[in-house]
Amino acid sequence: TSVIDHFNYDKSDDGKHTLIIAKGITNNEAILTKNVIEGPPVLFRGIAHKIGTVPLLTKILWAGETAYSYETKADQQVDQEPLVVGSKVMLVSALQARKNARVTFVGSIELFSDRFFDSPIQRTNSAESFTKSGNEDFAKDLTKWTFQEKGVLKVTSRNHHKENETEELEVYRIKDNIVYTIEISEYVNDHWQAFNGTDVQFEAIMLDPYIRKTLTPLPISPEQQARKYKAHIQLPDVYGVFTFKVNYKRSGYSYIEDSSVVAIRPFRHNEYPRYISAAYPYYTGAASMIVGFLLFSVIWFFNKENSKRAKKKMS
Amino acid sequence: MSDKVSSAIQRLWTSYSKNTPQSLQLIDAYLVFILFSGVFQFVHCVLVGTFPYNAFLAGFISTVGSFVLAANLRIQTNPDNAAEFKSISPERAFADFVFCSIVLHFFVVNFIG
């Protein structure tokens, strides 16, 4: 079988309408650069595949609405249901496994051939034409991504400490204010440089996440190799063993899962508030009792009648 | 009806101020002060809830205990009761009152938290 498209084939096709101009291209800039996404289309001659709904998959190149996958025979009569039809016809797709292993499925060897690299594109029955196909730049970006030269992230360091301190503790207290920082760098053009993501999140998890906060990227100077992300967090009111985790999974970028385990302890006996605001009436009541008792006993003691009685007894 | 009640109260008040010795009136004033303090604390607890329960108990028992001790002092130093309390002189009664009050306030301050 091959991918056949009677409306999107190039002029230099051999009559079977299998040399097609791929219509759908991903806009994920971690995999392909902007020039490739917006540049000339890609020529393709080969077989189709279809992908499922696993979130580890990314579709990269797919055919137009008028494509289908079928045997190329002399009479070309389609009397059975094709495997895949329309924009579900996948031409190039990729899988990034949980440990960041990358696999790319390309249905055509000729996509990488010199002939396709240099061929101009002229769509039959249409004014659409380009002097050079986008195959060469597409193949460059695709192979870069697959062989872990593009869209690769790593965590260079991670740190957490209480506000106004620098020591990284293993035990924090409930409702402590801490500062969490993590540094992430990206491999671009054969060197590590600062990563530009804006949606890195921090989670504090004890079976369920109690806190989830987006880290703010700090500005960096151009020669720095990693971008620092920082957040100010107040630890939850629950004590236990927590995991501080940055779980960054984005399509096209390698997956980052950085965790550190930390214990959160309850208040010590002398860390509770000393006076409870709801109890002030009782404090003042008891104090007034003491003051009243002292006043009363002083007045009683120096009362005229009592001292008269005492004087009488003494005499 | 109401002026009968008011005239009865009037007569009660004049009889009280004429016939009770000054020391007993002093104790009565002290008892009224303790009563107000205790009522205030109890009403506060009813409105706001019993959250620092130990604080409420300490404050309330401080008033109740002081009231009881002052009432005892009044009974024992009342000249009309002198026949029943031959062995307890008013000075002894006052000394008992002072000692017990000190112990009471010590426990109250310890329990109030």
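The rules behind these values
- Residues numbered from 1 in each chain as written.
- Chains lettered and ligands numbered in written order.
- Predicted model: local features only at pLDDT ≥ 70, side-chain atom pairs only at ≥ 80, totals over all residues.
- Heavy atoms only, no water.
- Helix = DSSP H or I, 4+ residues; strand = E, 2+ residues; numbered from the N terminus.
- Rg over C-alpha atoms; globule rule 2.2 N^0.38 Å.
- Buried < 20%, exposed > 50% of the residue type's maximum accessible area, 1.4 Å probe, protein only.
- Contact = heavy atoms within 4.5 Å.
- UniProt positions renumbered as here; feature names shortened; annotations may be inferred.
- Expected span 1.5 Å × (residues − 1).
- Arc of directions from axis to C-beta.
- Salt bridge = Lys/Arg side-chain N within 4 Å of Asp/Glu carboxyl O.
- Buried area = accessible area lost by both parts, 1.4 Å probe.
- Polar contact = N/O pair within 3.5 Å; in protein donor to acceptor, adjacent residues only side chain to side chain.
- Pairing = 2+ DSSP bridges.
- Axes fitted to C-alpha atoms, helices over the stretch in contact; angles between N-to-C directions.

**Some points on the overall build of chain A**
Regarding its fold elements, chain A presents five helices and 20 strands. For 315 residues, the compact-globule estimate of 2.2 N^0.38 gives 20 Å, and the C-alpha radius of gyration of chain A, at 37 Å, exceeds that figure by more than 25%. Considered along the principal axes of its C-alpha atoms, chain A spans approximately 145 × 50 × 35 Å. When burial is assessed residue by residue, chain A has 43% of its 315 residues classed as buried. Intrachain contacts of chain A at a sequence separation of at least 6 include 64% that bridge at least 24 residues.

**Things to note about the UniProt feature "domain: OST48 middle" (unreviewed entry) in chain A**
Per the UniProt entry, the sites bearing "domain: OST48 middle" (unreviewed entry) are residues 160-303 of chain A in this numbering. Helix makes up 15% of residues 160-303 of chain A and strand 44%. Its end C-alpha atoms lie 69 Å apart.

**Focus: helix α3 (residues 135-146) of chain A**
Count 3.6 residues to each turn of an α-helix, and residues three or four apart come out pointing the same way. Residues and elements named next belong to chain A. Taking 1.5 Å as the rise per residue, α3 with 12 residues should run 16 Å; its terminal C-alpha atoms sit 16 Å apart, in good agreement. All of the buried residues along α3 are Asn-135, Phe-138, Ala-139, Asp-141, Leu-142, Trp-145 and Thr-146. All buried residues of α3 fall inside an arc of 170 degrees around its axis, so they share one side. Positive phi shows up at Gln-148, right after α3, with a value of about 60 degrees.

**Things to note about the UniProt feature "transmembrane region" (unreviewed entry) in chain B**
All names here are of chain B. Within this numbering scheme, the UniProt entry marks residues 27-49, 55-73 and 93-112 as carrying the feature "transmembrane region" (unreviewed entry). Along residues 55-73, the helical share is 100% and the strand share 0%, with 27 Å between the first and last C-alpha atoms. Secondary structure content for residues 93-112 is 95% helix and 0% strand, while the C-alpha to C-alpha distance between its ends is 28 Å.

**Looking at the pattern of salt bridges**
Residues and elements named next belong to chain A. If you walk through the whole model with that rule in mind, you get 20 salt bridges over all chains. Across the pair Lys-34 and Glu-38 runs a salt bridge, and its minimum N-O distance is 3.6 Å. Here Lys-34 and its partner Glu-38 are both found in helix α1 (residues 34-38), four residues apart, which amounts to about one turn of the helix. Where Arg-158 meets Asp-258, a salt bridge forms, and the shortest distance between an N and an O atom there is 2.8 Å. Here Arg-158, found in strand β11 (residues 152-162), pairs with Asp-258, found in strand β20 (residues 256-265); they are 100 residues apart in sequence, far enough to count as distant. Here the residues in one salt-bridge network are Asp-14, Arg-45 and Glu-110, joined through shared partners.

**A closer look at the interface of chain B and chain A**
Often, the extent of an interface is quoted as the loss of accessible area on bringing the components together. Contact residues are listed per partner, giving 37 residues for chain B and 23 residues for chain A. Interface of chain B and chain A: buried area, both sides summed, is about 2,600 Å²; carbon and sulfur atoms make up 74% of it. Where chain B touches chain A, the interface holds zero salt bridges. Scanning the region where chain B abuts chain A turns up two residue pairs in polar contact (both at pLDDT 80 or more).

**Considering the sheet that holds β20 of chain A**
Residue and element names in this part refer to chain A. If you trace the five strands from one edge of the open sheet to the other, you get β12-β20-β19-β15-β16, paired in mixed fashion. Both outer strands of the open sheet, β12 (171-173) and β16 (208-214), are each paired with one neighbouring strand and no more. For this sheet, the mean angle separating the axes of adjacent strands, direction not counted, is 30 degrees. Where strand β15 (residues 201-206) and strand β19 (residues 240-248) come together, three bridges link them in antiparallel fashion. Each residue of the ladder has a partner; that of Glu-203, found in β19, is Lys-245.

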